[in-house]
Amino acid sequence: MTALMDVTVEQVTTLDELVELAQSIEQSISSMQAARDGVLALASRWALDAAGEVDEADLSLGTVAAELGAALRVSDRTVQRRMLAAEHVVERFPRVWAAQGAGAISAGHTRVIVEAGEHIDDAESRDRYAARVLEVASGESPNRTRPIAERLAQQYQPKSLDERHEDAREIRGAWVSDHSDAMAELHVFGPSVLVHGAFDRLTSMAKASSRAVLSGPHRQAQALSAPLAGTAFGPAATHDAHVAIAEDVRTLAQRRFDLAMDLLLTGAPAGHDTDDGLLAAIRPRVSVTIPFLTLMGRDATDLHHLRGKVRCDAVGGGCAEAGGGASDNDARTGDAAVIGVRGGVNAELDGHGPIDAHTARVLAGAASGWNRLLTHPITGMLLAVDRYRPSEQLRRHLRARDQRCRFPTCGMPAIDSDLDHTQDAAFGGATEESNLGALCRRHHVLKHQSPWMVEQQGSGLLESRSPTGRVYVDRPPPQNTVTFTETALTEADTQRNGGDGANSSSTRSVAPSTRSAAPF
């Protein structure tokens with residue numbers, strides 16, 4: 001290998017300058033992050049001081065976090081977590097915070113040092129620990145600093161590992177992170193023995209399933225010949241479910257995932273369930289919005305076949321075949337073009353993002369009931385919600401309209417949120433669309449028990465006013481639908497449609513597009 005052996009002196013000088021520039025930028029970023037932590041720590045302290053009573057501390061922190069989050073266009077939950085973390089660093093590890101502010105270490109170093117010294121309660125001991133570990137961190141990367149920091153922290157720990165482990169178990173949990181291309185991550189945090197044991201079991205099952213494939217292809221192939229409706233994982237969920245399992249080319253990691261989803265979505269929690277199987281009876285639930293054409297497996301451009309064949313009221317939705325019968329709609333005739341659509345509109349997992357069409361159709365096929373959402377063809381605004389079996393129409397309409405919590409920056413899905421009376425029902429607020437909006441429980445409480453104020457501005461617009469007087473207007477998210485625009489028929493279009501060109505400049509209104517949402 002002779003890489004970089006023949007570069008010129010000038011090229012080496014340029015590279016040296018780039019390295020120095022990168023170092024300088026990294027130091028500036030670290031300093032600015034430390035400065036931000038200082039501001040957030042002050043905001044946290046201000047909130048606690050303003051609360052007065054301990055019982056009001058959480059509400060006060062939430063109110064201040066909402067103020068900052070709305071201004072920064074960041075979820076207030078994220079801001080509150082940052083506030084608490086910043087206060088922890090600034091007050092318990094001031095030497096480390098100062099080192100980051102000076103650009104001597106990065107935010108990654110700070111996180112490693114703080115996590116390792118979490119249980120050092122004595123302030124003097126923490127400071128001595130920080131001084132020693134900073135000598136190492138200033139010349140090492142965060143991943144190399146971690147084992148050294150943990151080793152040094154042991155010398156100052158007032159608690160045994162058993163005691164610290166009991167404390168750490170209290171913050172065990174599971175959460176989800178969304179990613180692009182209809183993918184997401186499921187995280188679990190807990191005792192290492194349980195987590196590694198679960199992972200080892202998944203690995204063993206994945207390897208065993210691979211051996212079973214090779215030893216029993218007939219039995220496996222028979223199982224694949226009729227995939228179960230609603231299955232969204234495992235070989236039966238592949239786009240070609242009739243491929244013999246003997247040809248399974250999934251990697252070990254893919255088999256681990258498929259087995260994990262199989263266990264989580266269909267298994268029973270034997271260690272927690274009641275005698276009558278209460279937990280085992282719980283089924284997973286998601287809310288998916290599927291454009292009608294996507295459900296049919298057709299492209300949005302198929303709508304061009306409708307030219308000259310229907311006449312509809314763009315708002316009322318009543319339709320009849322042109323020339324095929326009487327209609328109450330005084331509709332014009334003409335043409336419409338699909339805009340902004342290429343290959344159809346994606347189905348969506350409400351509150352999270354797009355999902356692939358195959359998964360959407362599998363879920364829709366297993367749904368016990370559907371909501372049909374009628375949207376305006378031009379604006380895409382939700383017009384109405386109906387259901388084949390009438391029930392809670394207003395609730396479904398609002399959840400379909402809002403899709404998520406309506407508080408500034410919040411993304412909690414509407415299906416997991418409360419329907420709040422903007423004007424309190426106790427003071428005469430009506431239970432109707434113009435006075436209701438989805439608010440997650442956190443922001444529902446914040447609205448009623450803090451200086452935050454919300455007003456309806458019509459057409460689903462909610463105006464939130466913060467304690468400092470800042471105003472944020474939240475609009476309902478755009479509906480996941482196809483929209484239309486009126487265009488004039490060209491002579492070529494008329495000839496293609498079999499006409500004589502006499503009405504080439506005429507236009508007509510078209511039916512509002514629909515989408516279907518299955519309440520899983």
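For the structure, see preceding data.
Residues numbered from 1 in each chain as written. Predicted model: local features only at pLDDT ≥ 70, side-chain atom pairs only at ≥ 80, totals over all residues. Heavy atoms only, no water.

Quick notes on the sheet that holds strand β15 (residues 471-474)
The 3 strands are arranged β13-β14-β15 in an open sheet whose pairing can be described as antiparallel. In the strand order of this sheet, the two ends are held by β13 (453-456) and β15, each with one partner. Strand-to-strand twist across the sheet, computed as the mean angle between neighbouring axes with direction ignored, equals 20°. (Pairing = 2+ DSSP bridges. Helix = DSSP H or I, 4+ residues; strand = E, 2+ residues; numbered from the N terminus. Axes fitted to C-alpha atoms, helices over the stretch in contact; angles between N-to-C directions.)

Some words on the packing of aromatic side chains
Aromatic rings in a pair are described by how distant their centres are and how their planes are angled relative to each other. Counting across every chain of the model gives 2 aromatic pairs. Ring-pair connections join several aromatic residues into one group, and the members of that group are F407, W452 and Y472. The ring centre of F93 lies 6.0 Å from the NZ or CZ of R126, which sits over that ring. (Phe/Tyr/Trp six-rings, centres within 6.5 Å; stacked < 30°, edge-to-face > 60°. Lys NZ or Arg CZ within 6 Å of the ring centre and 35° of its normal.)

Examining the pattern of salt bridges
Pairs may arise between side chains of opposite charge once their charged atoms sit close together. Per the stated rule, a full pass over the model turns up 18 salt bridges. Across the salt bridge formed by R442 and D76, the nearest N and O atoms sit 2.8 Å from each other. Here D76 lies in helix α3 (residues 76-92) and R442 lies in helix α15 (residues 441-449), a separation of 366 residues in the sequence. In this structure R442 comes out as partly exposed when scored by relative accessible area, which is 26%. In this structure, the salt-bridge partner of D474 is R404, at a minimum N-O distance of 3.2 Å. One end of the pair, D474, is in strand β15; the other, R404, is in the loop between α14 (393-402) and β11 (418-421), with 70 residues separating them in the sequence. Across the pair, R404 and D474 agree in class, each one buried. What you see here is one network of salt bridges that share partners, running through R401, D402, R404, R406, E433 and D474. (Salt bridge = Lys/Arg side-chain N within 4 Å of Asp/Glu carboxyl O. Buried < 20%, exposed > 50% of the residue type's maximum accessible area, 1.4 Å probe, protein only.)

Some points on helix α13 (residues 357-365)
Where α13 is concerned, the buried positions are A360, L363 and A364. Projected down its long axis, α13 shows its buried positions confined to an angular sector of 100°, all on one face. (Arc of directions from axis to C-beta.)

Observations regarding a negative patch on the surface
Where like charges cluster on the molecular surface, the negative patch consists of D162, E163, E166 and E170. With respect to the element layout, E170 can be found in the loop between α8 (161-169) and β1 (173-179). By relative accessible area, which is 63% here, E170 ends up exposed. (Patch = residues over 30% accessible without salt bridge, like charges linked within 9 Å, V, L, I, M, F, W, Y side chains within 5 Å. Areas by Shrake-Rupley, 256 points an atom, 1.4 Å probe, with all protein chains shown as cover. Lys, Arg positive; Asp, Glu negative; His and termini not counted. Charge placed at Lys NZ, Arg CZ, Asp CG, Glu CD.)

Considering the pairing of β11
Alternating residues of β11 divide into D418 and D420 and L419 and H421, and every residue in both groups is buried. As defined by bridge partners, β11 adjoins strand β12 (residues 436-439) across 4 bridges and the pair is classed as antiparallel. What sits directly across from L419, in β12, is A438.

Examining helix α11 (residues 252-266)
Helix length check: α11, at 15 residues, gives a terminal C-alpha distance of 21 Å against a target of 21 Å (1.5 Å per residue), a fit within 8%. Among the residues of α11, those classed as buried are R255, R256, D258, L259, A260 and M261. (Expected span 1.5 Å × (residues − 1).)

Thoughts on the pairing of strand β2 (residues 183-189)
Here 7 bridges tie β1 to β2, and the two strands are oriented antiparallel to one another. Each residue of the ladder has a partner; that of H179, found in β2, is M183.

Quick word on the packing of helix α1 (residues 9-51) against helix α2 (residues 57-72)
Where α1 contacts α2, the axes come no closer than 8 Å and their chain directions differ by 140°. Classed by the angle they form, the pair α1 and α2 counts as oblique. Considering the relative orientation of α1 and α2, their crossing is right-handed. Across the interface between the two elements, L40, A43, S44, W46, A47, L48, A50 and A51 of α1 pack against A57, S60, L61, V64 and L68 of α2. Its residues assigned to classes, the contact of α1 with α2 shows 11 nonpolar, 2 polar and no charged. (Parallel < 35°, antiparallel > 145°, perpendicular 65-115°, else oblique. Left-handed = near helix turned anticlockwise from the far one by under 90°. Contact = heavy atoms within 4.5 Å. Nonpolar A, V, L, I, M, F, W, Y, C, P; charged D, E, K, R; others polar.)

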